[in-house]
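Coordinate inspection notes
Listed here are the chains, written in short residue letters.
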Amino acid sequence: MKINIAINGPASSGKTTIGKKLSEKLEYQLIDSSVFYRYFAKKFYLNNIIQINEIYLFKDEMLNNPFYHLKEIEHVNTQFYQDLTISQRASEIAKVQEIRSIINEIIQIITKKKGFVVLGRDATTKILPDAKIKLVLDAEIETRVCRRVKQILDVEREAKIQQSSQLNNLTELEIIGKVLSDILKRDFDAYELILEAKKVATIINTSNLSIEQVLAKILRHVYWYNFSNDNLLHVIIFMIIFFILIRSQPIKLFGLFKIE
Ligand SMILES: Nc1ncnc2c1ncn2[C@@H]1O[C@H](COP(=O)(O)OP(=O)(O)O)[C@@H](O)[C@H]1O
Ligand SMILES: Nc1ccn([C@H]2C[C@H](O)[C@@H](COP(=O)(O)OP(=O)(O)O)O2)c(=O)n1
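Residues numbered from 1 in each chain as written. Chains lettered and ligands numbered in written order. Predicted model: local features only at pLDDT ≥ 70, side-chain atom pairs only at ≥ 80, totals over all residues. Heavy atoms only, no water.

**Remarks on the sheet that holds strand β2 (residues 29-32)**
As summarised here, the arrangement of the 5 strands in space is β2-β5-β1-β6-β7, forming an open sheet in which the pairing is parallel. The sheet is open, and its two edges are formed by β2 and β7 (202-205), each paired on a single side. Across the sheet, the mean angle from the axis of one strand to that of its neighbour is 20°, orientation sign disregarded. As judged from the 4 bridges shared by strand β1 (residues 4-8) and strand β5 (residues 116-119), these two strands associate in the parallel manner. Bridge pairing in β5 places N4 opposite F116. Along the sheet, helix α9 (residues 172-200) contacts β1, β6 (133-138) and β7; its crossing angle with β6, the most-contacted strand, is approximately 130°. (Pairing = 2+ DSSP bridges. Helix = DSSP H or I, 4+ residues; strand = E, 2+ residues; numbered from the N terminus. Axes fitted to C-alpha atoms, helices over the stretch in contact; angles between N-to-C directions. Contact = heavy atoms within 4.5 Å.)

**Observations concerning the pattern of salt bridges**
Overall, the coordinates contain 9 salt bridges when judged by the stated rule. When the shortest N-O distance is used, the salt bridge between E196 and K126 registers 3.6 Å. Taken together, the positions of E196 in helix α9 and K126 in helix α7 (residues 123-127) put the pair 70 residues apart, joining distant regions of the chain. By relative accessible area, which is 34% here, E196 ends up partly exposed. Here D189 ties to K185 by a salt bridge, and the two come within 3.0 Å at their closest N and O atoms. With a gap of 4 residues between them, D189 and K185 both fall in helix α9, about one helical turn apart. The exposure class of K185 is partly exposed, given its relative accessible area of 43%. Connected through shared salt-bridge partners, K150, D154 and R157 make up one network. (Salt bridge = Lys/Arg side-chain N within 4 Å of Asp/Glu carboxyl O. Buried < 20%, exposed > 50% of the residue type's maximum accessible area, 1.4 Å probe, protein only.)

**Side note on the packing of aromatic side chains**
Inspection of every chain in the model, using the stated rule, returns 10 aromatic pairs. Taken together, a centroid distance of 5.5 Å and an interplanar angle of 65° make the contact between F40 and F44 edge-to-face. Each member of the pair F40 and F44 is classed as buried. With centroids separated by 5.7 Å and ring planes inclined at 25°, the aromatic side chains of W224 and F227 adopt a geometry described as stacked. With W224 and F227 both in helix α10 (residues 211-248), this residue pair falls 3 residues apart, about one helical turn. In this structure W224 comes out as exposed when scored by relative accessible area, which is 56%. By relative accessible area, which is 48% here, F227 ends up partly exposed. Three or more aromatic residues joined by ring pairs make a cluster, and in this case those are Y39, F40, F44 and F58. (Phe/Tyr/Trp six-rings, centres within 6.5 Å; stacked < 30°, edge-to-face > 60°.)

**Section: the side chain of D138**
Relative to the helices and strands, D138 resides in strand β6. Polar contacts involving the side chain of D138 include one to the side chain of K198, which spans 2.7 Å. Residues contacting D138, with those up to four places away along its chain left out, are P10, S13, K198, I203, I204, N205, T206 and S207. (Polar contact = N/O pair within 3.5 Å; in protein donor to acceptor, adjacent residues only side chain to side chain.)

So, in C-alpha cells, the structure goes:
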C-alpha cells in the first residue's frame, strides 16, 4: 500500500539528494515545495510586485492538470537554479503567508492519492501533518557547509571544462565564506519551522552517514511501517484463533508446555 513521506531539514542536509533516490527506489512521485517558491519568483514577481491574482489563477489551472504543471515547474527550476535574483525573490515570496497557504494547499490536494515524497521546510508540519512517515534530516553546520562547497566546486569544475564558469575570480576561501553566510541566513529563516518539525518527526542526523546509509535507514522505516501495517490484521486474527483453541481444548505445543 502506498503512503506519503514528508521530509524536512535545514539547507544542505540532503533533502533533495535523498528525496530523489527514495522516490526512485519506491517508485513514488517527488514534490519539492521549494521549486514552487522559485517558480513563482520567476513567473509572478514583476516590477517588484507579487502578482497574487495570477498566482490564484495558476493554482486553479495547476489543479486541473497537476502533473503537466509539475513538469513545467521543474523545467523552469532547472534553468534558473543558480539565479541569485530568483533565489532572493523566492525567499521574499516565502515570507507571504497567503502564498505559503496556496502552495501547501496545491501539494495537499495533489498528494491525496498517496505515493509521494514531499520535501520542504514545513513538509512534516503544515503540508503533510498526516503523512505516515515524517522525517527531519539534520547535520552539523560544518558538515553542511562542506557539502555545499564541494557541490559548488564540482559544478564549477564541470563549467570550466565548458568555459562557462560563473565564479571566475573567487578563491576557495571566498566561496566558503559565501556559502557559510548563505546557510546561516537560511537556518535563521527556517529556525522556527525546523524546530516545530523536530517535535513531530523522526530526526536522522546525517553528519556521519553516507548518502547510501541515510537511504537505507529511511527504507528500513518504510518497510517496517508497511510490514506492521499489512500484517497487523493477520497477527490479531491468529491470536484470536489461538486463544479460542487453547480455551476450547487442552493442547500441547511442540511438547514444550501443556495448557489444560
Ligand atoms: N549523507 C551525505 N553524505 C555526504 N554528502 C551528502 C549527504 N547528503 C547530501 N550530500 C551532498 O550534500 C549536498 C547538498 O545536498 P542537497 O540534497 O542539495 O541538500 P538540501 O536539499 O537539503 O539543501 C549535495 O552535493 C549532496 O550530494
Ligand atoms: N517549504 C518551503 C520550501 C522552500 N521555501 C523557500 C526557502 C527558500 O527561500 C526558497 C528556495 O528553497 P531552497 O530549497 O533553496 O531552500 P532551503 O534548502 O529550504 O533553504 O523557498 C520555504 O520557505 N518553505
